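Each chain, letter by letter, is given below.
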Amino acid sequence: KVLGNKNDSITKSLVYLNLALMYGTLLDKEKEIDYYLKAIQQVEGNDGEVCGIYYNLSSSYMNSGFEEKGLYYLKKAYETSKRSKKEVEFDYATANLAQYALENSDGPMFRKYMKEIDSLCSLNGNPSSCYSLSYLQASFDSSQNKFDEALINFKKANSIAKSINITEDIMETTAMIAQME
């Protein structure tokens, strides 16, 4: 069968995406990135399909030491997920851009993305957005030596993580709280 319609491109993209994930598990970053790029080629222009792939590719580049390329694809994940209204992908991309800004002391960029996360949390009470908001605010407070405020926000983030049962976030916030108490 010749691939030619939209669904065939999506199917092909999913095959490439799974290969990328497999090579990522095998720690073959070069092939992982190559298959993410192939997956993108199949669905480029379809914001709802491509935004998650951009996000994964950004992580691969960042974890491979290619920060500039990682940031480029993280911004593409942000833009495409915002346009397609993919809430989970938008939340992840926005939170990671805020985290990147915080780590690189880019105050204006940090405030921009924190405002977006606050809006998501306030608008619909999305637990993931509210967790990100509390965690990132706590990280910011800590970087400003406002340890009492940081502790309050880490506790709030911990409570949210427990309510949605995300073990990694529970462990991380519990460790942060233990360090501060």
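Owing to the predicted nature of the structure, the values given are computational and were not obtained by experimental measurement.

Q: Please clarify how helix α5 (residues 87-103) should be interpreted in this entry.
A: Since one α-helical turn is 3.6 residues long, residues separated by three or four positions face the same way. When the terminal C-alpha atoms of α5 are compared, their 24 Å separation across 17 residues agrees well with the 24 Å that a helix rising 1.5 Å per residue should span. Along its buried surface, α5 packs onto α3 (47-63), α4 (67-84), α6 (107-124) and α7 (127-143). Ser105 sits one or two positions beyond α5 and adopts a positive phi of about 50°.

Q: Looking at this structure, I do not really get the pattern of salt bridges. What am I missing?
A: Pairing of side chains with opposite charge becomes possible as their charged atoms draw close. Inspection of the entire model under this criterion finds 5 salt bridges. Its salt-bridge partner being Glu32, residue Lys29 comes within 3.1 Å of it at the nearest N-O pair. Of this pair, Lys29 and Glu32 are both found in helix α2 (residues 29-43), 3 residues apart, which corresponds to roughly one turn of the helix. Owing to a relative accessible area of 27%, Lys29 belongs among the partly exposed residues under this scheme. Between Arg83 and Asp47 there is a salt bridge, with its nearest N and O atoms 2.6 Å apart. With Arg83 in helix α4 and Asp47 in helix α3, this pair connects stretches of sequence that are 36 residues apart. For Asp47, a relative accessible area of 19% gives the class buried.

Q: Which parts of the structure should I look at to understand the packing of α2 against α3?
A: How two helices sit against one another is set out by the angle between their axes and by the gap between those axes. One way to put it is that α2 packs onto α3 with a least axis distance of 10 Å and a crossing angle of 160°. Put simply, α2 runs roughly antiparallel to α3. When the axes of α2 and α3 are compared, the crossing they make is left-handed. For the pair formed by α2 and α3, the contact residues are Lys29, Glu32, Ile33, Tyr36, Leu37, Ala39, Ile40 and Val43 on the first element and Glu49, Val50, Ile53, Tyr54, Asn56, Leu57, Ser60, Tyr61 and Asn63 on the second.

Q: Explain the environment of Lys115 to me, please; I cannot follow it from the model alone.
A: Position of Lys115 among the secondary structure elements: in helix α6. Since its relative accessible area comes to 63%, Lys115 is described here as exposed. The spacing of Lys115 and Glu181 is 66 residues in sequence and 29 Å in space, taken between C-alpha atoms.

Q: I tried to follow the packing of α3 against α5 on my own but got confused; where do I start?
A: Where α3 meets α5, the axes come as close as 9 Å, and the angle between the chain directions of the two elements is 30°. When the axis of α3 is compared with that of α5, the two are roughly parallel. Handedness of the α3/α5 crossing: left-handed. Taking contact as the criterion, the partners of Cys51, Gly52, Tyr55 and Met62 in α3 are, on α5, Glu89, Tyr92, Ala93, Asn96 and Tyr100. Looking at the contact of α3 with α5 residue by residue, the class counts come to 6 nonpolar, 2 polar and 1 charged.

Q: I tried to follow α3 on my own but got confused; where do I start?
A: In this model, α3 (17 residues) spans 24 Å end to end at C-alpha, consistent with the 24 Å of a helix rising 1.5 Å per residue. Considered for burial, the residues of α3 that qualify are Asp47, Val50, Cys51, Ile53, Tyr54, Tyr55, Leu57, Ser58, Ser60 and Tyr61. Immediately beyond the C-terminal end of α3, within one or two residues, lies Gly65, with a positive phi of roughly 90°.

Conventions we followed
- Residues numbered from 1 in each chain as written.
- Predicted model: local features only at pLDDT ≥ 70, side-chain atom pairs only at ≥ 80, totals over all residues.
- Heavy atoms only, no water.
- Helix = DSSP H or I, 4+ residues; strand = E, 2+ residues; numbered from the N terminus.
- Expected span 1.5 Å × (residues − 1).
- Contact = heavy atoms within 4.5 Å.
- Salt bridge = Lys/Arg side-chain N within 4 Å of Asp/Glu carboxyl O.
- Buried < 20%, exposed > 50% of the residue type's maximum accessible area, 1.4 Å probe, protein only.
- Axes fitted to C-alpha atoms, helices over the stretch in contact; angles between N-to-C directions.
- Parallel < 35°, antiparallel > 145°, perpendicular 65-115°, else oblique.
- Left-handed = near helix turned anticlockwise from the far one by under 90°.
- Nonpolar A, V, L, I, M, F, W, Y, C, P; charged D, E, K, R; others polar.

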